[in-house]
Amino acid sequence: MKKNPNTVSFTLNGERKTFITEPNEKLLALLRREGYKGTKFGCGQGTCGACTVLMDGRAIYSCLLFAMQAEGRDVRTIESVGTHEKPSEFQQELIDGAAVQCGFCIPGMIMSAEALMKAEDVYPDDVVREYMDGNLCRCTGYEKIWGALRRVLDRREEGREQSSESRSDPKA
Amino acid sequence: MTANPTANFKQVNHSVRKVDAVQLALGKPSYVADFAPRDALVVKMLWSPHPHAKIVSLDVSAAEKMPGVKAVLWHGNVPRIVHCTAGQGFPEPSPYDTFMFDTKVRFVGDRVAAVAAETEEQALAALAKIQVKYELLKPVFSIDEAMADGAPIIHDEPEAHVPIPIPYEPKKNLVAKVGCEAGDFEKGMKEADFTFDDVYETPYAQHCPIEPYVSLAHVDSSGRIFITTSTQVPFHCRRIVAQTLGLPVQKIRVIKPRIGGGFGSKQEILLEDVVALFALRTGRPCLWQFNREENFRTGRTRHPIRVRIRAGIKKDGTITAIGMDCWNNTGAYGGHGLTVVSCCGSKVLPLYRCDNIHFDGKVYYTNLPVGGAYRGFGATQAFFAMESTMDKMAEAIGMDPLKLRQLNHIKSGEGSPIFAALGEGKEGVPMTVGSCALGECITKGAAEIGWDKRTDWRAKTGRYRRGIGMACLMQGSSIPHIDMGGASIKLNEDGSFNLLVGATDLGTGSDTVLAQIAAEELCTATDKMIVYSSDTDMTPFDVGAYASSTTYLSGEAARKAAADAKRQILHTGAEMLNLPEDQCVCKDAHVQSKDGKKSVSYSDISCYSLYSKNQYQIIGTASHITQKSPPPFAAHFAEIEVDTWTGNVKVLKYVSTIDCGTAINPALCEGQTEGGTLNGISYALTEQYLFRNGRMTNASFTDYHIFSMRDVPPIKAIIVPSFEDTGPFGAKSVSEICINGPAPVFGNAIYNATGARLNEFPFTPEKVLNAIRAVKK
Ligand code: FES
Ligand code: FES
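Residues numbered from 1 in each chain as written. Chains lettered and ligands numbered in written order. Predicted model: local features only at pLDDT ≥ 70, side-chain atom pairs only at ≥ 80, totals over all residues. Heavy atoms only, no water.

1. Focus on the overall build of chain A
At step 1: Looking only at helices and strands, chain A features five helices and five strands.
At step 2: Of the regular secondary structure in chain A, the N- to C-terminal order runs β-β-α-β-β-β-α-α-α-α.
At step 3: Along the longest, intermediate and shortest principal axes, the C-alpha atoms of chain A span 60 × 45 × 30 Å.
At step 4: Excluding contacts between residues fewer than 6 apart, the proportion of contacts in chain A whose partners are at least 24 apart in sequence is 56%.
At step 5: A total accessible area of about 7,700 Å² is found for chain A, and carbon and sulfur atoms account for 50% of it.
At step 6: Side-chain charges of chain A comprise 24 positive and 26 negative groups, with the mean position of each set lying 6 Å from the other. (Helix = DSSP H or I, 4+ residues; strand = E, 2+ residues; numbered from the N terminus. Contact = heavy atoms within 4.5 Å. Areas by Shrake-Rupley, 256 points an atom, 1.4 Å probe, with all protein chains shown as cover. Lys, Arg positive; Asp, Glu negative; His and termini not counted. Charge placed at Lys NZ, Arg CZ, Asp CG, Glu CD.)

2. Some points on the overall build of chain B
At step 1: Counting its secondary structure elements, chain B contains 19 helices and 28 strands.
At step 2: Compactness check: chain B gives a C-alpha radius of gyration of 27 Å against a globular reference of 28 Å for 777 residues, within 12% of the reference.
At step 3: Summarising its shape, the C-alpha atoms of chain B cover approximately 85 × 75 × 50 Å along the three principal directions.
At step 4: Relative to its 777 residues, chain B shows a buried fraction of 66%.
At step 5: The contacts in chain B between residues at least 6 apart in sequence include a share of 80% that link residues at least 24 apart.
At step 6: Carbon and sulfur atoms make up 52% of the accessible area of chain B, which totals about 25,700 Å².
At step 7: The centroid of the 81 positive side-chain charges in chain B is displaced by 2 Å from the centroid of its 83 negative side-chain charges. (Rg over C-alpha atoms; globule rule 2.2 N^0.38 Å. Buried < 20%, exposed > 50% of the residue type's maximum accessible area, 1.4 Å probe, protein only.)

3. Considering the sheet that holds strand β28 (residues 715-719) of chain B
All names here are of chain B.
At step 1: Strand order in this open sheet of four strands is β16-β24-β25-β28, and the pairing throughout is mixed. Looking at which strands have only one partner, the edges of the open sheet turn out to be β16 (464-474) and β28. Taken pair by pair, the neighbouring strands of this sheet meet at an average axis angle of 10 degrees, ignoring direction.
At step 2: Where strand β25 (residues 649-658) lies against β28, five bridges are found, and the strand directions are parallel. Within β28, the position partnered with Tyr654 by the bridge is Ile715.
At step 3: Its contacts with the sheet put helix α17 (residues 666-685) on β24 (633-643), β25 and β28, and the angle it makes with β28 is roughly 135 degrees. (Pairing = 2+ DSSP bridges. Axes fitted to C-alpha atoms, helices over the stretch in contact; angles between N-to-C directions.)

4. As for the interface of chain A and chain B
At step 1: At the interface, 49 residues of chain A touch 57 residues of chain B.
At step 2: Carbon and sulfur atoms supply 58% of the area buried between chain A and chain B, which totals about 4,300 Å² over both sides.
At step 3: Considering only the side of chain A, the residues that lose the most area to chain B are Ile95, Gln101 and Arg138 of chain A, jointly responsible for 19% of the buried surface there.
At step 4: Remark: the boundary between chain A and chain B carries nine salt bridges. (Buried area = accessible area lost by both parts, 1.4 Å probe. Salt bridge = Lys/Arg side-chain N within 4 Å of Asp/Glu carboxyl O.)

5. A look at the pairing of strand β5 (residues 111-117) of chain B
Residue and element names in this part refer to chain B.
At step 1: Buried residues dominate β5, accounting for seven of its seven residues.
At step 2: Sheet topology places strand β1 (residues 41-47) next to β5; six bridges connect them, and they run antiparallel. Each residue of the ladder has a partner; that of Lys44, found in β5, is Val115.
At step 3: Relative to β5, strand β3 (residues 69-74) runs antiparallel, the two sharing five bridges. Following the sheet pairing, Ala71 is matched in β5 by Ala116.

6. Focus on the domain arrangement of chain A
Residue and element names in this part refer to chain A.
At step 1: Looking at chain A, the domain boundaries give domain 1 (1-80) and domain 2 (81-172).
At step 2: Summarising the inter-unit geometry, the C-alpha centres of domain 1 and domain 2 are found 24 Å apart.
At step 3: Counting from both sides, the interface comprises 20 residues of domain 1 and, opposite them, 15 residues of domain 2.
At step 4: Around 1,300 Å² of area is buried between domain 1 and domain 2 when both sides are counted, 59% of it from carbon and sulfur atoms.
At step 5: Counting across the domain 1 and domain 2 interface gives one salt bridge. (Domains from an automatic or database assignment.)

7. Some points on unusual backbone geometry
Backbone geometry follows two general trends: most residues other than glycine have a negative phi, and most peptide bonds adopt the trans configuration.
Residues and elements named next belong to chain B.
At step 1: At the junction of Ser533 and Ser534, the peptide bond is cis and its omega measures out at -25 degrees in the coordinates.
At step 2: With respect to the helices, strands and loops of the structure, Ser534 is situated in the loop between β19 (529-532) and α15 (550-577).
At step 3: Pro762 follows Phe761 through a cis peptide bond whose omega is 5 degrees.
At step 4: When you line up the elements, Pro762 lands in the loop between α18 (742-754) and α19 (765-773).
At step 5: Of note, the phi angle at Phe263 is positive, near 60 degrees, even though the residue is not glycine.
At step 6: Looking at where Phe263 falls in the secondary structure, it is placed in the loop between β11 (252-255) and α7 (272-282).
At step 7: With a phi angle near 45 degrees, Asp588 is a residue other than glycine that sits in the positive phi range.

8. Remarks on the environment of Leu438 of chain B
At step 1: Along the chain, the position of Leu438 of chain B falls in helix α13 (residues 438-449).
At step 2: The residues touching Leu438 of chain B, leaving out its near neighbours within four places in the chain, are Leu351, His409, Cys472, Phe633, Ala634, Ala635 and Asp659 of chain B.

9. Some remarks on the sheet that holds strand β20 (residues 584-587) of chain B
Residues and elements named next belong to chain B.
At step 1: Across the sheet, three strands lie side by side as β20-β21-β22; this open sheet has antiparallel pairing. Every other strand in the sheet has two partners, leaving β20 and β22 (599-601) as the edge strands with one partner each. When strand polarity is set aside, the average angle formed by the axes of neighbouring strands in this sheet is 20 degrees.
At step 2: Running at roughly 55 degrees to strand β21 (residues 590-593), α15 makes contact with β20, β21 and β22 of the sheet.
At step 3: Across the sheet, helix α16 (residues 602-612) lies against β20, β21 and β22, angled at about 75 degrees from β22, the strand it touches most.

10. Description of the domain arrangement of chain B
Size of an interface, as often reported, equals the accessible area lost when the parts are brought together.
Residues and elements named next belong to chain B.
At step 1: Domain annotation for chain B reports domain 1 (40-137 + 213-289), domain 2 (301-479 + 628-773) and domain 3 (484-625).
At step 2: Using C-alpha coordinates to define each centre, domain 1 is positioned 39 Å away from domain 3.
At step 3: Across the interface of domain 1 and domain 3, roughly 1,600 Å² is buried in total on both sides, 49% from carbon and sulfur atoms.
At step 4: It is Gln232, Phe235 and Lys256 that lose the most area in domain 1 upon contact with domain 3, and together they represent 39% of the buried surface on that side.
At step 5: Put simply, domain 1 and domain 3 have five salt bridges between them.
At step 6: One salt bridge in this structure joins Asp535 and Arg253, with 2.6 Å as the shortest N-O distance.
At step 7: Where domain 1 packs against domain 3, one counts eleven residue pairs in polar contact (both at pLDDT 80 or more). (Polar contact = N/O pair within 3.5 Å; in protein donor to acceptor, adjacent residues only side chain to side chain.)

11. Topic: the pattern of salt bridges
At step 1: Scanning the model with the defined rule gives 62 salt bridges over all chains in all.
At step 2: Linking Arg17 of chain B and Asp96 of chain A is a salt bridge whose minimum nitrogen-to-oxygen distance equals 3.2 Å. Remark: Asp96 of chain A occurs in helix α2 (residues 89-96) and Arg17 of chain B occurs in the segment before α1 (21-25); the pair is interchain, linking two chains.
At step 3: Residue Glu687 of chain B pairs with Arg138 of chain A through a salt bridge whose shortest N-O separation is 2.9 Å. Of this pair, Glu687 of chain B sits in the loop between α17 and β26 (691-692) while Arg138 of chain A sits in the loop between α4 (125-132) and α5 (143-168), each in a different chain.

12. Digging into the nonpolar core
At step 1: Core analysis: the largest hydrophobic core is formed by 173 residues, its most contacted members being Ile145 of chain A together with Met324, Phe637, Phe746 and Phe763 of chain B.
At step 2: If one sorts the elements of this core by residue count, helix α10 (residues 379-397) of chain B sits on top with ten residues.
At step 3: Counting 39 residues, the second largest nonpolar core, distinct from the first, contains Met45, Ile252, Ile269 and Val543 of chain B. (Core = buried A, V, L, I, M, F, W, Y, C linked by side-chain atoms within 4.5 Å.)

Listed below in structure tokens is the structure:
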């Protein structure tokens, strides 16, 4: 049970944290004031996806959720994905594929893709679109973002096929 | 010109990695709001709920006493200085018709009073305590109402005026008028075998950058105001904030960090004066960001324009006359009104050869949202009318519309009387077209879409009918004799360079493009460039990111600055090698003797020049203005499928070709083309402002639909190279032109599918269905 009603405790990027909050504070506001600036405010209406974070592995709009609702959950933000020295696979593809224009939509896109890769084993186009549909981009026309993501997903699918082939080899 | 001038380029014409891509992909703090300190006050504005009203009384005393409130601004406690919010050159070709706060409100979303408080909740609670009494005035909701005799006067304040000598009659709601004639239009109409007279309407739209407008200000220890803001025009911003607050320019520093998209919307000073004054009054950092609803209602929009086209054509395809009359609804304030309507003519009429041209543009105030700069800037609106007319003319004379365009489009070495006649607030500049690969754009695009399989609509039957449409386009590259860009570049010990530019990367990739240009000139690698843009204390002046000017204009400034630094590098390198300068060349970040036997690295040259002998800073500086505005060209094609039962239009494929001269960074050029095209597609098919009594009723992404990943049709961007001699390494502009295509392309494709000609868009199922029902075979 919580001792102080005005705090919220959750796992943030792998670390257990406790924050002081107000009942009406949104998760996005809390994250940003605590320095997690990679999560963006684009609409505050749950319509653009710039504020996407993972909660227990699922992509959610942090602008719609109250901070209190994160109690006990596992929250991950863009700050947990990649570093200057070692960007994630998708980040690398976005960078190399000229898919980052203004970049404001990109952290949200990456978090939605993380959710997709966590939850699914195969990635048909319509499933991918389903996961990514909540993230608006006004700069790129999506072509290069889509291409970058597809390359990552195709490699994963291939890798999985190969590893399942090699697993089934001995039986053959 | 050599066979292929681009063959030896090492940095430009290569898709090098965007200089800020890594930090943005990692989500590192980069944008305005990311820099707000924890103790920043939150700013909120009380907006007018009425389209047209006098503020009879306003009482902020209760609000001032609310918890957490640090200051309230309203017309009673701010300077009353008339100005213009449009970030243009000075003096502006737009009326001074705006006050920081006024005693009158002119549209739903106009400023009434602002609060700065510790938290957003406290600011909102305080707004609710502000007492306002309005006297409602009769609103004006259309151009026709605005023009009518005895129409309510929207700007009756005595201070309203234009700072340059151009027509402005606020008593008639007339913001501006402009026109020109070439040849004899009436005679041309008489010579025609067929004549046309049609009226087209284009709708309101918002740019919808995913980062809404946002500004942050604080007072520095020195007492100066530092404004970090999401702007396309940092230098104009500094000037206009100084003017609005009655402060010297010296007192203000404007910093532009990374910008989350602008597309023209942020060529406007909408928040900076307020955060600056709050910072001064409270001594605290102040952050103001629009929410999405505010971004729609109060943010700038695309001017809705009515375009009447009269045209005449002979049976052989000679266009004997083109007349274009435009009525531009600029909403409650007049910024960009004149220049947008001028571009309806100047960016469209030169495309086709015609001896007899008439152009007339008028701009009116209404009590609706305010128009501003939006990618395409008038050309978008007028090309819908022009390119629909081209298809109608082709049909009348029984010619393939593609052929009619091939027959008439402007080519290298040709001019147009329009170039000289129409400028921005003054006459234009005579010009002949240098590079033009439009012919190749047309053939390549036609092959890609399968133009050959296009058939007449009368042969089509069944519920789903396919159609193919096309349009040709042009734009400009910078505003000649008006725009100026500056750059400076200095060498560091390790052979890296600081490239400081006033040019404003708003997400387009211009920092990268300018770095490539400088690196090419300096014979070094792009990743040796540390680019800094733009900061009024630190970087040279630049007019900012608009008018498709950055690559062409600021790019040439960067090239010249690099050439200046290169001269110094060569001088010191030669000194170190003990050779005359003319025996040395720069190559691969070294100065070497012509025979290649002796060489010294830029890094060693820098160390020598900084620490060893005859010390000085190797630093190049240059400015650039342009003599012409070379048009990029494009041919767009689409195949669509119309559901004749529902009126739904499905885009099967879209082809967007572009001649932007040398593509400095081909991948980024493709990105501009794809993004601009999709924005145009979304505008043509779904985007619109819905109003009730002047109030926009669909101010969210739920109700104002912009395309998401699920909606995207296959878009094929094709870059067709040309070489513009006056541009840096042959480059012209790329960013704006592509948004102009989709509306006329779809209009023509819908006609080709169904025989229904729509003179207004968005092509919603309802409109398309009604038009189909009206078709008689
Ligand atoms: S900010 Fe949360 S969806 Fe737009
Ligand atoms: S890159 Fe600008 S919104 Fe996606």
